[in-house]
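# Close look at the chain arrangement
Next come the chains, spelled out residue by residue.
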Amino acid sequence: MQTVDYIVHNAKEIITLKGDNKARSGKAMNELSIMKNSAMAIKDGIIINIDNTDTIKQNYLPLQWIDAENTIICPGFVDPHTHPVFVHTRENEFEMRLQGKSYVEISKAGGGILSSINAVREADEDYLFELAYNRINRMIECGTTAIEAKSGYGLSTESELKMLKVIKKLQEFMPIEIVSTFMGAHEFPLEYRNNRQAYIDLLINEMMPEVKRQNLAEYVDIFTEAHVYNIEESRKILLKAKELGFKIRMHADEIEAIGGAELAAEMGAVSADHLGACSDEGIKAMRDAGVIATLLPGTLFSLRSKSYARAKDMISAGLPVAIASDYNPGSCNLDSMQFAMTLSCLQMGMTPAEALTAATFNAACAIERQDFFGSLEKDKNADFVMLDIPSIAFIPYHFGSNNVSKVYKLGELIFSRD
Ligand SMILES: [Zn+2]
């Protein structure tokens, strides 16, 4: 008998997502590897075994029993695309959009991304930390046990470093895994609008080398879109990022197919995100290069878009799809991966099983953490949620409230509804 910290028993089902340890597409996204009459033995935050309850009881001696009370257990949600560090929320712009005001009109009224940039430049690190801390706590309440977090509301060397230091402090103080991304190429700051090349030079010669020197980010991300960074500018910045040893993620083909997906393939990006207008060629190029498509249906929903990324075409073409919240103050103030699943089903036609795979295992692949979490398997982290629901389809079906009753990260209870 091996002694373990605890055994979780009496679950209605354990949705393990056990399978190949690489990003899934096609039929594999519907295979959830559901176990009934099963229990999990957990020690030091790691899953020692998941098996038939009798087998677990025969082989392991727990210090404690945890009764799952007939809930469904699934892996903690992984949110591979968030912008949680900023000062003020921008619900005033939400109202302006409803009145039919355009992006340009909102910008002229002092809104848009530039208002977030001005506020971040003026804020101190502790204040930014406190705000982001509270936002990430709400994500945890919704079952998220790992996120990717970007800079990109500073757009000067000093304020981008400040944002990344806030993310570093969040990594230390929050109970979930936070993966850090430098996104100085989120926009062109106002003072460089008439001299884009000078800002690109600043990114290349000063900001990225300094971020690397201080080891503040694992990835570099860029907003590749007709009105932001074009393909040539993006290629130049990303080549330098790679040379410095950063891994690549991209905001690509959100509104227009300008070849962002193809560039993601060329650069060997880990993930290309948005892809609302991605072409067939882009889908094939990403699939062949092993890039993950991270789709953000919350953003298109919030912007009242009529068209969404072609998730089903991507999945059937063999391109693995992940989903994320895109939590940010402007286009998408969404902290629940459960609602991202709802939109994936209702607006992109994904099955509940595909949406769950996209929100857990494939999302872990999109931040290269699939060896540690995203599925519930022997030797992986005990990162899981308990849901008081009849079946997994209930998550996207029952939207607008939280279906998660308990959240565990590395074996520790980090949220309980009661
Ligand atoms: Zn984004």
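Use the structure listed above.
Quick caveat: nothing in here was measured; it's all calculated off a predicted structure. (Residues numbered from 1 in each chain as written. Predicted model: local features only at pLDDT ≥ 70, side-chain atom pairs only at ≥ 80, totals over all residues. Heavy atoms only, no water.)

## Regarding the nonpolar core
Nonpolar side chains in soluble globular proteins tend to end up buried together. The condition that has to hold: Put simply, a nonpolar core is a bunch of buried Ala, Val, Leu, Ile, Met, Phe, Trp, Tyr and Cys residues held in one set by side-chain atoms that sit within 4.5 Å of each other. Between buried and exposed lies partly exposed: a residue is buried under 20% and exposed over 50% of the maximum accessible area for its type, with that area taken using a 1.4 Å probe on protein chains only. Residue ranges assigned to each domain were obtained from an automatic or database domain assignment. Contacts between residues were defined by any pair of non-hydrogen atoms, one from each residue, lying within 4.5 Å.
Counting 120 residues, the largest nonpolar core has Y229, L275, L295 and M314 as the members making the most contacts within it. There are two domains that each give this core at least three residues, and those are domain 1 (2–75 + 375–416) and domain 2 (77–366). Those residues in contact with L275 that lie beyond four places of it in its chain are A252, D253, E254, A261, M286, A293, T294, L295, A309 and M314. Listed in part, the 16 residues of the second largest apolar core include V8, I47, I73 and A382.

## Structural notes on the packing of aromatic side chains
Note the threshold: Stacked, edge-to-face and tilted are the three classes for Phe, Tyr and Trp ring pairs, Trp counted by its six-membered ring, which pair at centre distances within 6.5 Å; planes under 30 degrees apart are stacked, over 60 edge-to-face, the rest tilted. What counts as a helix is a DSSP run of H or I of at least four residues, what counts as a strand is a run of E of at least two, and both are numbered from the N terminus. In this analysis the charged atom, NZ for Lys or CZ for Arg, is taken to sit over a ring once it is within 6 Å of the ring centre and within 35 degrees of the ring normal.
Following the criterion strictly, the structure yields twelve aromatic pairs and no others. Considering the side-chain rings of F188 and Y229, the 4.2 Å spacing of their centres and the 25 degrees angle between planes classify their relative orientation as stacked. With F188 in the loop between β10 (177–185) and α7 (196–213) and Y229 in the loop between β11 (219–224) and α8 (231–243), this residue pair connects regions lying 41 residues apart in the sequence. On the accessibility criterion, F188 (1% relative accessible area) is buried. Exposure remark for Y229: the relative accessible area of 0% places this residue in the buried category. By way of ring pairs, the aromatic residues F188, Y192, Y199 and Y229 are connected into one cluster. Taking the ring centre of F246 as reference, the NZ or CZ of K212 above it sits at 4.7 Å. The aromatic ring of F373 is capped on one face by K409, whose charged end is 4.4 Å from the ring centroid.

## So, the side chain of K409
Counted only if it meets this: Counted as a polar contact is a pair of N or O atoms within 3.5 Å, where, for protein atoms, one must be capable of donating a hydrogen and the other of accepting one, and residues adjacent in sequence contribute only when both atoms are in side chains.
Secondary-structure assignment places K409 in strand β17 (residues 404–409). A polar contact is formed between the side chain of K409 and the backbone oxygen of T145, at a distance of 3.1 Å. Setting aside its immediate chain neighbours within four residues, K409 contacts T145, P175, I176, E177, F373, N381, A382, D383 and I414.

## Describing the pattern of salt bridges
Just so we agree on the cut-off: What counts as a salt bridge is simple: a side-chain nitrogen of Lys or Arg found within 4 Å of a carboxyl oxygen of Asp or Glu.
Per the stated rule, a full pass over the model turns up 26 salt bridges. K36 is the partner of E13 in a salt bridge, and the nearest nitrogen-oxygen pair spans 2.8 Å. Placement of E13 in strand β2 (residues 13–15) and of K36 in the loop between β3 (34–35) and β4 (38–43) is noted, with a sequence separation of 23 residues between them. Residues participating in the shared-partner salt-bridge network are E177, E218, K247, E368 and R369.

## Description of the coordination of the zinc ion
By definition of the ideal shapes, a tetrahedral metal site with four donors has angles of 109.5 degrees and an octahedral site with six donors has angles of 90 or 180 degrees. So the rule is basically this: Any N, O or S atom lying within 2.8 Å of the metal counts as a donor, and for Na, K and Ca the limit rises to 3.2 Å; water is left out, so some sites can look incomplete.
Donor atoms from the polypeptide that bind the zinc ion are H81 (NE2), H83 (NE2), H251 (NE2) and D326 (OD), placed at 2.1 to 2.8 Å. Taken in sequence order, the residues that donate to the zinc ion follow the motif H-x1-H-x167-H-x74-D. Note that H83 is positioned in the loop between β8 (77–82) and α2 (91–98) and D326 in the loop between β15 (321–323) and α13 (337–348), a separation of 243 residues in sequence. D326 shares its class with H83; the two are buried.

## Points about the sheet that holds strand β18 (residues 412–416)
For sheets, the rule is that strands pair by backbone hydrogen bonds, running either parallel or antiparallel. In plain terms, the rule: In this scheme, strands are said to pair when DSSP sees at least two bridges between them.
Read from one edge to the other, the open sheet built from six strands follows the order β3-β2-β7-β16-β17-β18, with strand pairing classed as mixed. Edge positions in the open sheet fall to β3 and β18, since each of these has one partner strand only. Examined bridge by bridge, β17 and β18 share four bridges and lie antiparallel to one another. Bridge pairing links K409 to E412 in β18.

## With respect to the sheet that holds strand β1 (residues 2–9)
Which entries qualify depends on this criterion: Angles here are taken between N-to-C directions and fall from 0 to 180 degrees, while the axes themselves are lines fitted to C-alpha atoms, restricted in helices to the stretch in contact.
One open sheet accounts for four strands, arranged β5-β4-β1-β6; its pairing is mixed. Each edge of the open sheet is held by one strand with a lone partner, namely β5 (46–52) and β6 (60–67). This sheet shows a mean twist of 30 degrees between the axes of neighbouring strands, independent of strand direction. Across six bridges, β4 lies against β5 in antiparallel orientation. Note that in β5 the partner of A39 across the bridge is D51.

## A short note on the state of the cysteines
What we call a disulfide is simply a covalent bond connecting the sulfur atoms of a pair of cysteines. What counts here: Count a disulfide wherever a pair of cysteine sulfur atoms falls within 2.5 Å.
Using the criterion set out here, one finds zero disulfides in the structure. Not engaged in a disulfide, the cysteine C74 finds its nearest cysteine sulfur in C142; these two sulfurs lie 13 Å apart. The exposure class assigned to C74 is buried, which follows from its relative accessible area of 0%. As a non-bridged cysteine, C365 has C74 as the owner of its nearest cysteine sulfur, 16 Å distant.

## Focus: the packing of α8 against helix α9 (residues 260–267)
The following threshold applies: Any angle between 65 and 115 degrees counts as roughly perpendicular, while under 35 counts as roughly parallel, over 145 as roughly antiparallel, and the rest as oblique. In this scheme the crossing of two helices becomes right-handed for a clockwise turn of the near helix relative to the far one and left-handed for an anticlockwise turn of less than a right angle. Side-chain classes follow a simple rule in which Ala, Val, Leu, Ile, Met, Phe, Trp, Tyr, Cys and Pro form the nonpolar group, Asp, Glu, Lys and Arg form the charged group, and the remainder, Gly included, forms the polar group.
Where α8 contacts α9, the axes come no closer than 11 Å and their chain directions differ by 25 degrees. Classed by the angle they form, the pair α8 and α9 counts as roughly parallel. Here α8 and α9 pass one another in a crossing that is right-handed. Where α8 approaches α9, its residues I231, S234, R235, L238, L239 and K242 are matched on the opposing element by G260, L263, E266 and M267. Classifying every residue of the contact of α8 with α9 gives five nonpolar, two polar and three charged.

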